[in-house]
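Here is what each chain is made of, one letter per residue.
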Amino acid sequence: MQPSPVYSEYPRKLTTQELELMLFILPEERAGYHAYRQQIQELVVIGEGRRGKGEIILGKENESPNFDEPLTPVFAYGVIETTFGNISVTAREISLEQASIEIVSSKGESIPATFEELRRWTYSTWMPGAPCPQCSTPVRETLIRTDAQEQLTLALCKHDKRIWVYEGHRQIVRLIPVTNFYNELMLNKNIRDPSIALDSRLLFSMLDSYSDADLTHAFKAYNKLKVKIHMQGEIQTSNEIPQGIVSKLKRFFTT
Ligand SMILES: [Zn+2]
């Protein structure tokens with residue numbers, strides 16, 4: 001196997017391999033990924049990202065990577081399993097017309113130009129009702145609605161200890177950082193025992209003890225800290241309360 005060609009000059013076009021791996025995690029038939037593809041269509045590789053080798057920055061031809069802004073959230077993620085190890089592919093939110101695409105080997109080596117692929121998977125193709133794309137086991141799902149009729153599906157995989165959310169209106173899936181989500185869950189549940197509150201792995205072993213309302217509250221609080229998922233309307237957090245008493249309780253849940 002030949003190592004990947006080394007590029008020292010920018011701007012350059014994406015290599016065939018980079019393009020193929022990137023497009024895999026951006027399925028065209030889904031509205032949100034289609035829009036992302038459209039946005040990066042005119043962009044070229046303008047440099048290496050701040051995460052180092054394997055992270056490339058797409059931008060306008062005459063620009064250089066902008067590192068003044070914080071790293072943007074993950075927009076799409078997938079893995080290629082090969083005989084030499086896993087290759088992960090991460091696309092981040094576009095900011096100031098620049099996008100970060102990271103293609104790295106789990107072994108920290110550069111990606112060979114050719115390799116034997118065993119299988120590939122991405123969260124980007126996940127739909128509510130489907131098993132986990134990584135381990136194929138059923139996931140815990142919580143349907144979240146906003147008062148503007150948008151729907152999100154929060155999904156948690158106990159096996160891989162991962163959380164993601166499917167945005168129904170844009171048909172995209174986003175990964176949610178487990179620690180941040182768990183912190184909000186603990187605050188909302190008023191759990192202060194450090195042996196529980198500081199151990200986010202317990203989220204998955206104790207998942208059955210949290211109701212859909214608990215998970216919805218935690219997601220709402222998480223998303224409020226710094227809005228990552230833009231929605232029309234407020235998230236409804238009264239989904240487990242009988243309709244008759246919703247209005248009486250509403251003021252407690254809409255603060
Ligand atoms: Zn899984």
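No experiment lies behind these values; they were computed from the predicted model shown.

## A short note on the packing of aromatic side chains
What the rule picks out here adds up to ten aromatic pairs. Plain terms: the ring middles of Tyr36 and Phe75 are 4.6 Å apart, the flat faces sit at 10 degrees to each other, and that makes the pair stacked. On the criterion of sequence distance, the pair formed by Tyr36 in helix α2 (residues 31–40) and Phe75 in strand β3 (residues 74–82) is long-range, its members being 39 residues apart. Measuring from centroid to centroid gives 6.2 Å for Tyr77 and Trp121, while their planes differ by 65 degrees, and the two rings are edge-to-face.

## Remarks on the pairing of β3
Burial runs high along β3: eight of the nine residues are buried. Pairing geometry for β3 and strand β4 (residues 85–92), over eight bridges, is antiparallel. In the sheet register, Ile80 faces β4, and the bridge partner there is Ile87.

## Observations regarding the side chain of Ser105
Among the structural elements, Ser105 can be located in strand β5 (residues 99–105). On the basis of relative accessible area, Ser105 is assigned to the buried category, the value being 6%. Side-chain polar atoms of Ser105 contact the backbone nitrogen of Lys107, separated by 3.0 Å. With residues near it in sequence (within four places) discarded, Ser105 still touches Phe84, Asn86, Ile87 and Ile111.

## Let's talk about the coordination of the zinc ion
The protein atoms that coordinate the zinc ion are Cys132 (SG), Cys135 (SG), Cys157 (SG) and Asp160 (OD), at distances of 1.9 to 2.3 Å. The site at the zinc ion holds four donor atoms, and with the angles between them running 97 to 119 degrees, its shape is tetrahedral. The sequence pattern formed by the donor residues of the zinc ion is C-x2-C-x21-C-x2-D. A residue pair is termed long-range when its members are at least 10 positions apart, and Cys132 in the loop between β6 (117–122) and β7 (140–145) and Cys157 in strand β8 (residues 151–157) qualify at 25 residues. For the residue pair Cys132 and Cys157, the accessibility class agrees, reading buried in each case.

## Let's talk about the environment of Arg140
Take Arg140: it is sitting in strand β7. At 2.7 Å, the side chain of Arg140 and the backbone oxygen of Tyr210 are in polar contact.

## Some details on unusual backbone geometry
In the segment running from Tyr10 into Pro11, the intervening peptide bond is cis, with an omega of 0 degrees. Here Leu96, not a glycine, exhibits a phi torsion of approximately 50 degrees, which is positive. Following the sequence through the fold, Leu96 ends up in the loop between β4 and β5. Non-glycine residue Asn190 carries a positive phi angle of around 60 degrees. When you line up the elements, Asn190 lands in the loop between α3 (178–189) and α4 (194–197).

## Some remarks on the pattern of salt bridges
Counting across every chain of the model gives 15 salt bridges. The partner of Asp214 in a salt bridge is Lys189, and the shortest N-O contact between them spans 3.1 Å. One end of the pair, Asp214, is in helix α6 (residues 212–225); the other, Lys189, is in helix α3, with 25 residues separating them in the sequence. For Asp199, the salt bridge is made with Arg201, and the minimal N-O distance between the two is 3.1 Å. We classify Asp199 as partly exposed; its relative accessible area is 21%.

## Looking at the packing of α3 against α6
Where α3 meets α6, the axes come as close as 8 Å, and the angle between the chain directions of the two elements is 120 degrees. Between α3 and α6, the interaxial angle falls into the category oblique. Every pair of crossing elements has a handedness; the one defined by α3 and α6 is right-handed. Contact with α3, carried on its side by Asn180, Phe181, Glu184, Leu185, Asn188 and Lys189, involves Asp214, Leu215, His217, Ala218, Phe219, Ala221, Tyr222 and Leu225 of α6 and no other residues of that element. Among the residues making up the contact of α3 with α6, the classes are represented as eight nonpolar, three polar and three charged.

## Some thoughts on the confidence of the model for the chain
For the chain, mean pLDDT is 89; residues scoring 70 or higher make up 87% of the total. Segment residues 239–255 is flagged for pLDDT under 50; beyond a separation of four residues in sequence, or across chains, it makes 15 contacts in the model.

## Focus on the sheet that holds strand β9 (residues 162–167)
Where strands meet in a sheet, backbone hydrogen bonds hold them as pairs that are either parallel or antiparallel. Spatially, four strands are ordered β7-β8-β9-β10 in an open sheet, and the strand pairing comes out antiparallel. The open sheet is flanked by β7 and β10 (172–176), the only strands paired with a single partner. Within this sheet the neighbouring strands show an average axis-to-axis angle of 25 degrees, counted without direction. Note: β9 against β10, five bridges, orientation antiparallel. Within β10, the residue paired with Ile163 across the bridge is Ile176. Strand contacts of α3: β8, β9 and β10, with the helix running at about 85 degrees to β9, the strand carrying the most contacts.

Cut-offs used in this document
- Residues numbered from 1 in each chain as written.
- Predicted model: local features only at pLDDT ≥ 70, side-chain atom pairs only at ≥ 80, totals over all residues.
- Heavy atoms only, no water.
- Phe/Tyr/Trp six-rings, centres within 6.5 Å; stacked < 30°, edge-to-face > 60°.
- Helix = DSSP H or I, 4+ residues; strand = E, 2+ residues; numbered from the N terminus.
- Buried < 20%, exposed > 50% of the residue type's maximum accessible area, 1.4 Å probe, protein only.
- Pairing = 2+ DSSP bridges.
- Polar contact = N/O pair within 3.5 Å; in protein donor to acceptor, adjacent residues only side chain to side chain.
- Contact = heavy atoms within 4.5 Å.
- Donors = N, O, S within 2.8 Å, 3.2 Å for Na, K, Ca; no water.
- Tetrahedral: all angles 85-135°; square planar, octahedral: opposite > 155°, others 65-115°.
- Salt bridge = Lys/Arg side-chain N within 4 Å of Asp/Glu carboxyl O.
- Axes fitted to C-alpha atoms, helices over the stretch in contact; angles between N-to-C directions.
- Parallel < 35°, antiparallel > 145°, perpendicular 65-115°, else oblique.
- Left-handed = near helix turned anticlockwise from the far one by under 90°.
- Nonpolar A, V, L, I, M, F, W, Y, C, P; charged D, E, K, R; others polar.
- pLDDT = per-residue confidence, 0-100.

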